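# Coordinate inspection notes
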Amino acid sequence: MEEVRVFPLTCAVQNYAWGKIGLDSEVAKLVVGGDPVAVIERDKPYAELWMGAHPKGDAQIKDNRIAQTTLGQWITHYPACLGSKVKDAFQGQLPFLFKVLSVNTALSIQAHPNKELAATLHAQFPEHYPDNNHKPEMAIALTRFQGLCGFRPVDEILGFLQAVPEFHALVGRDAAEELRSSVGDEVRTGRALKKCFTKMMSCEKKVFVDELNELVKRVTQEGAAGKDTSSSNGDLLLRLHSQYPGDIGCFSIYFLNYVVLEPGQAMFLGANEPHAYIYGDCIECMACSDNTVRAGLTRKYIDVNTLCEMLNYKPASASSKIFPCVPDPADPCVTLYDPPVPDFTVMKIQVPASVKDYTVASVDSASILLVIEGDAMATSAAAFSDVTLTRGSVLFVSANESVSLQVTSQSGMTLFRACSLL
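Naming follows an unreviewed UniProt entry, where the chain appears as Mannose-6-phosphate isomerase of Poecilia latipinna. According to UniProt, the comment filed for the chain under the heading Sequence similarities (unreviewed entry) is "Belongs to the mannose-6-phosphate isomerase type 1 family." According to UniProt, the comment filed for the chain under the heading Function (unreviewed entry) is "Isomerase that catalyzes the interconversion of fructose-6-P and mannose-6-P and has a critical role in the supply of D-mannose derivatives required for many eukaryotic glycosylation reactions."

All right, on to the sheet that holds strand β19 (residues 357-360) then. The strand order β19-β24-β21-β22 describes an open sheet built from four strands, whose pairing is antiparallel. Each edge of the open sheet is held by one strand with a lone partner, namely β19 and β22 (387-389). Each strand axis lies, on average, 30° off the axis of its neighbour in the sheet, ignoring direction.

Moving on: the pattern of salt bridges. By the definition in use, this model includes 16 salt bridges. Residue E309 pairs with K194 through a salt bridge whose shortest N-O separation is 3.1 Å. On the criterion of sequence distance, the pair formed by E309 in helix α11 (residues 304-310) and K194 in helix α8 (residues 186-201) is long-range, its members being 115 residues apart. With relative accessibility at 57%, the residue E309 sits in the exposed group. Where R218 meets E222, a salt bridge forms, and the shortest distance between an N and an O atom there is 3.1 Å. A residue pair is termed a helical-turn pair when its members lie 3 or 4 positions apart in one helix, as R218 and E222 do in helix α9 (residues 205-224) at four residues. Each of E166, R218 and E222 takes part in a single network of salt bridges with overlapping partners.

Bringing the packing of aromatic side chains into the picture now. Following the criterion strictly, the structure yields 16 aromatic pairs and no others. Between F7 and F396, the ring centres sit 5.2 Å apart and the planes meet at 25°, which makes this aromatic pair stacked. Of this pair, F7 sits in strand β1 (residues 6-10) while F396 is found in strand β23 (residues 394-397), placing the two residues 389 residues apart along the sequence. When its relative accessible area of 0% is taken as the criterion, F7 is described as buried. Among the residues examined, F396 registers a relative accessible area of 0% and is labelled buried. On the numbers, 5.4 Å between centres and 90° between planes, the contact of F151 with F197 is edge-to-face. Here the residue F151 occupies a position in strand β10 (residues 145-151), and F197 occupies one in helix α8, the gap between them amounting to 46 residues. Following the ring pairs from residue to residue traces out a cluster consisting of F151, F160, F167, F197, F251, Y254, F255 and Y313.

Parameters at a glance
- Residues numbered from 1 in each chain as written.
- Predicted model: local features only at pLDDT ≥ 70, side-chain atom pairs only at ≥ 80, totals over all residues.
- Heavy atoms only, no water.
- UniProt positions renumbered as here; feature names shortened; annotations may be inferred.
- Pairing = 2+ DSSP bridges.
- Helix = DSSP H or I, 4+ residues; strand = E, 2+ residues; numbered from the N terminus.
- Axes fitted to C-alpha atoms, helices over the stretch in contact; angles between N-to-C directions.
- Salt bridge = Lys/Arg side-chain N within 4 Å of Asp/Glu carboxyl O.
- Buried < 20%, exposed > 50% of the residue type's maximum accessible area, 1.4 Å probe, protein only.
- Phe/Tyr/Trp six-rings, centres within 6.5 Å; stacked < 30°, edge-to-face > 60°.

Here it is as structure tokens:
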């Protein structure tokens, strides 16, 4: 019998505490859409849907005629499904992990190491750094999505040092002065920024907790008196402090850009870029790694030295953090999110209501297809039988296989597809 090369998946759900609760969560809604008998608990967080073959959340194959039970096992048996280039470049492994995130409370401020640093950290501290891979990642907003990303322009940081005495106290007069006098000299600015950030991150706990309490008290009183607290970034400060009281990460809002993505907008996070997701739902794609160096807004292990050494201290505007997508010249329904790494590319496929027959083109890479909206009957020469697709359906498509969609919904379809375009 010819092996099947296109099949549906049941994907792993992660119930991390920061996730949106019950059916408020996009993850939970997609799970129910893809599997009507799935039980969603009303008071449980549904944080992440993992679509891939990562050992911590390997997808189950939804076709009992296939001997292997998980995608990871299947790829091990049939590595050719990856496509020859991908198979050779990534040692027979699926190089990406595709996710949906539903964020209710902020994730830790973190950065991911480059390959060199990942190898070193994994060798020295395997309990904190589980593999030797880099972890570039991209987030594409499904709903309005808020995050912190990269260092702000220096004039904004200097503005906060002036307007927020509690922040100035943690950075210290010397480092603040060094930053002020470095303006216009990129190399000196980078050094001074590193000094300021390291100084704040290395503060004794009692010192920063006292300053934070002072700051929260002042901003709360000013707000109650009807004053504008934007010069202290008051709203965001109070929000993060309510989620992580006494956490050094609350001060990072004066260093990092506050970025808001509208649905369809993306941000790409390369190695050593400090970031934190704050609220909203997104599609995320990343290299298959779990390496994270944390800096605050967390109760997990914080590795201040590694973090302060590794970060990219290049100030840039919030708007520069929005990653541009481009129309696919070969297909008007496809928008490409193609980051500067080989591990993954994401495509958004929007089939308009007027189109009832659409072919998901073959690519020279294994890919994972997620339906966000709409219904269709999917047929492929490489599938055992037709597959009914609805919101939340996930399909694995081997390299060089196309899938024909017979669209049954009135308003068209929206899908996202992850693959590796070498």
